[in-house]
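# Close look at the chain arrangement
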Amino acid sequence: MGILVVGTVAFDSVKTPEGEASDAIGGSATYFSAAASFYAPVDVIAVVGNDFPLDALDFLRERQVDISGLEIREGKTFRWAGEYAANMNDRRTTDTQLNVLSGFRPVLADRHREHDHVFLANLDPDVQHEVLSQSGRPGIVACDTMDFWIDGKREALQSMLNRVDVLIINDGEARQLVDDHNLVRAAGRILDLGPRAVVVKRGEHGATLCTEGRWFALPAYPVSNVIDPTGAGDAFAGGFMGYLARSGDTGVDALKRAMVHGSVMASFNVEDFSVRRLASLTADEISDRHDRFLEMITP
Ligand code: AMP
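The model shown is predicted, which means the values in this text are computed figures rather than measured ones. (Residues numbered from 1 in each chain as written. Predicted model: local features only at pLDDT ≥ 70, side-chain atom pairs only at ≥ 80, totals over all residues. Heavy atoms only, no water.)

### Observations regarding the site of the ligand
Stated formally: Being near a molecule or strand, for a residue, comes down to having at least one heavy atom within 4 Å of it. Distance and chemistry together define a polar contact, namely a pair of N or O atoms within 3.5 Å, with one atom able to donate a hydrogen and the other to accept it when in protein, and with adjacent residues in sequence counting only for side-chain atoms on both sides. We get accessible surface area from the Shrake-Rupley algorithm with a probe of 1.4 Å; when it comes to residues, only the shown protein chains can shield them. Helix and strand definitions here come from DSSP, where helices need a minimum of 4 consecutive H or I residues and strands a minimum of 2 consecutive E residues; each element is numbered from the N-terminal end.
Around the ligand, the structure places 18 residues, and the nearest of them are Asp12, Gly27, Arg91, Gly231 and Asp234. At 2.9 Å, a side-chain N or O of Trp149 approaches a nitrogen atom of the ligand. Taking 510 Å² as the accessible area of the ligand by itself, protein coverage stands at 96%. At the level of elements, strand E2 (10-16), helix H5 (147-152) and helix H9 (232-247) are the ones that each hand at least two residues to the shell around the ligand.

In structure tokens:
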């Protein structure tokens, strides 16, 4: 079973305590598909400007990611810049330039409508709505968002949640989305908005799966060489959705196992800037780390 992802392909400029990268390849759809491609066929819908070096995505093509849905528009590619605090968990966005992303209205082809798994990566909530209106009846829809859209388009975002099964979001954004500093209450309020499950990512502190009346918490896989956390959330989502697509199961136990795969993919992503680590990753490394992680979390 394949996955449709709609999100950003971007130039990122990132500063972390370990160094910096300027105009590096990033974007929510890029990180997501790099991770998910280890599990299932991925079909990408996104937009870039004519300044984007398309060969930077060759590693995705080599993994059978279908990027023919990448629209190339006259103009500049979406750009984002961010800076991480010494703890590598707190991040400040220093610049967001929407460029060709403003006015982006994706048109789904017939093959896009056939996917049973849809991931609405971090993107304008109006565009996320539009994709859902055009898609068929996917078995499972998950989505992500960011402070930028919570600030600017909260209502569109909240109403979109009524149309998705799983929201994957970080702890600060979960609090911001429903204006509640208590994470337990915030997760409950998000569930009230419609999704069947909320995955709250807490960086180096792990991730929690919240469903009606049931919680499941995982630590993060311990990584001693954290270089750049950018894209960890999207890589998590890639492992999570990838596993669900590969297993064909969407029950709560499958969501728990998907959390383990998401954590493993996120742990690789933070080991280098941009998509470098995901680009060099092998299936054997993933399965080794997955086994080690299971050993760590199983009493
Ligand atoms: P993450 O670290 O998982 O939250 O994802 C970071 C990625 O999201 C970066 O590669 C950015 O290019 C992308 N990004 C940053 N801001 C936005 C935004 N407002 N909308 C969509 N994508 C964004």
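Now that the structure has been shown, the text picks up again.
### What to know about the pattern of salt bridges
Threshold: Here a salt bridge means any side-chain nitrogen of Lys or Arg lying within 4 Å of a carboxyl oxygen belonging to Asp or Glu.
Throughout the structure, instances matching the rule amount to 19 salt bridges. Notably, a salt bridge pairs Arg79 with Asp51, separated by 3.4 Å at the nearest N-O pair. Pair noted here: Arg79 is in strand E6 (residues 79-84) and Asp51 is in the loop between strand E4 (42-49) and helix H2 (58-62), with a separation of 28 residues, a long-range link.

### A word on the sheet that holds strand E13 (residues 214-218)
Here is the rule: By this definition, two strands are paired if DSSP reports at least two bridges between them. Geometry is summarised by axes, namely lines fitted to C-alpha atoms with helices restricted to the contacting stretch, and by angles between N-to-C directions that run from 0 to 180 degrees. By definition, residues are in contact when any of their heavy atoms lie within 4.5 Å.
Reading across from one edge, E5-E4-E1-E8-E9-E10-E11-E12-E13 is the order of the 9 strands in this open sheet, with mixed pairing throughout. In the strand order of this sheet, the two ends are held by strand E5 (66-73) and E13, each with one partner. With strand direction ignored, the average angle separating the axes of adjacent strands in the sheet is 15 degrees. Alignment of strand E10 (residues 166-170) against strand E11 (residues 197-201), held across 5 bridges, turns out to be parallel. Bridge pairing in E11 places Val166 opposite Ala197. Packed onto the sheet, helix H10 (residues 252-269) meets E11, strand E12 (207-211) and E13 and runs at close to 20 degrees relative to E13.

### So, the packing of helix H1 (residues 28-36) against H9
Formally: Under this scheme an angle from 65 to 115 degrees is roughly perpendicular, one under 35 degrees roughly parallel, and one over 145 degrees roughly antiparallel; angles in between are oblique. Helix crossings get a hand from a simple test, with the near helix turned counterclockwise from the far one by less than a right angle marking a left-handed crossing and a clockwise turn marking a right-handed one. Amino acid classes used here: Ala, Val, Leu, Ile, Met, Phe, Trp, Tyr, Cys and Pro are nonpolar; Asp, Glu, Lys and Arg are charged; the rest, including Gly, are polar.
Between H1 and H9, the least distance of the axes is 7 Å, while the angle of their chain directions is 40 degrees. Overall, the two elements H1 and H9 adopt an arrangement that is oblique. Judged by the sense of rotation from one axis to the other, the crossing of H1 with H9 is right-handed. Judged by residue contacts, Ser28, Tyr31, Phe32, Ala35 and Ala36 of H1 engage Asp234, Ala235, Ala237, Gly238, Gly239 and Met241 from H9. Taken together, the residues that form the contact of H1 with H9 break down as 7 nonpolar, 3 polar and 1 charged.

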